[in-house]
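Observations on chain architecture
The residues making up each chain are set out below.
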Amino acid sequence: MHEYPVTVQIVEIASETARKHHGRVRGIHLVVGKDSGFVGESIQMYFDVVAEGTLCEGALLTVEGIRPKLRCESCGTLFERRAFSFRCPACGGDGEPTEIGKEFYIKSVELEISDGPQQEEAEE
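Summarised in this report is the structure supplied together with it. Throughout, a residue's number is its position along its own chain's written sequence, starting from 1. Residue-level local features of this predicted model are given only where pLDDT is at least 70; pairs of side-chain atoms are given and counted only at 80 or more, and the full residue set underlies all totals for whole chains, interfaces and linings. Values reported for side chains reflect all heavy atoms of the structure, with hydrogen atoms and water molecules removed beforehand.

Brief notes about the nonpolar core
Heads up, the condition is: Residues grouped as a nonpolar core are buried Ala, Val, Leu, Ile, Met, Phe, Trp, Tyr and Cys residues, joined through side-chain atoms within 4.5 Å. Burial here depends on accessible area, computed with a 1.4 Å probe over protein chains only, as a share of the maximum for the residue type. Under 20% is buried, over 50% is exposed, and the range in between is partly exposed. Helix and strand definitions follow DSSP, with helices as H or I runs of at least four residues and strands as E runs of at least two, each counted in order from the N terminus. What makes two residues a contact is simply this: any of their non-hydrogen atoms within 4.5 Å.
The biggest cluster of nonpolar side chains holds 20 residues, and the ones touching the most others in it are I10, V25, I28, L30, F47 and C56. The set of elements that each furnish at least two residues to this core consists of α1 (3–20), β1 (24–33), α2 (40–51) and β6 (104–113). For I28, the residues in contact, after removing those within four places along its chain, are I10, A14, F47, C56, L60, L61, T62, I106 and S108.

Okay, structure coming up:
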């Protein structure tokens, strides 16, 4: 249920970007890590309802899911954890958690303005 207020914020940010450039939002690209605490499918579900009547109405929301990765303490290899194991597939060492898979941000907003479609990259 906490995806609803986040979806409202996404629509507000994208709408503000469109207002600033005197256009409409045609697309929003999100990056959502599987360990971010947010469910991309839930944000997708709320999006059309929240966007109704805004500059985001009719826009396409795409969600890029990022799978979590561990880093091997011995050799530094990044790898996806297998069920019931933290073992590195390269050397057999122990993997430790990383920040990969915890991402959550708007990667880009695609706008339609009088001169044609434009895309604005989010600043990280």
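Looking at the packing of α1 against α2
What counts, and what does not: Angles run from 0 to 180 degrees between N-to-C directions of axes, and those axes are lines fitted to C-alpha atoms, restricted for helices to the stretch in contact. Each angle gets one of four labels, with under 35 degrees taken as roughly parallel, over 145 as roughly antiparallel, 65 to 115 as roughly perpendicular, and the rest as oblique. Handedness of a helix crossing follows the sense of rotation of the near helix relative to the far helix, less than a right angle counterclockwise being left-handed and clockwise being right-handed. As a working rule, the residues Ala, Val, Leu, Ile, Met, Phe, Trp, Tyr, Cys and Pro are called nonpolar, Asp, Glu, Lys and Arg charged, and the rest polar, with Gly in that last group.
Between α1 and α2, whose axes approach to 9 Å, the crossing angle comes to 55°. Taken as axis vectors, α1 and α2 run oblique relative to one another. Read as a crossing pair, α1 and α2 show a hand that is right-handed. Across the interface between the two elements, E3, Y4, V6, T7, V8, I10 and V11 from α1 touch S42, I43, Y46, F47, V50 and A51 from α2. Its residues placed into classes, the contact of α1 with α2 shows 10 nonpolar, two polar and one charged.

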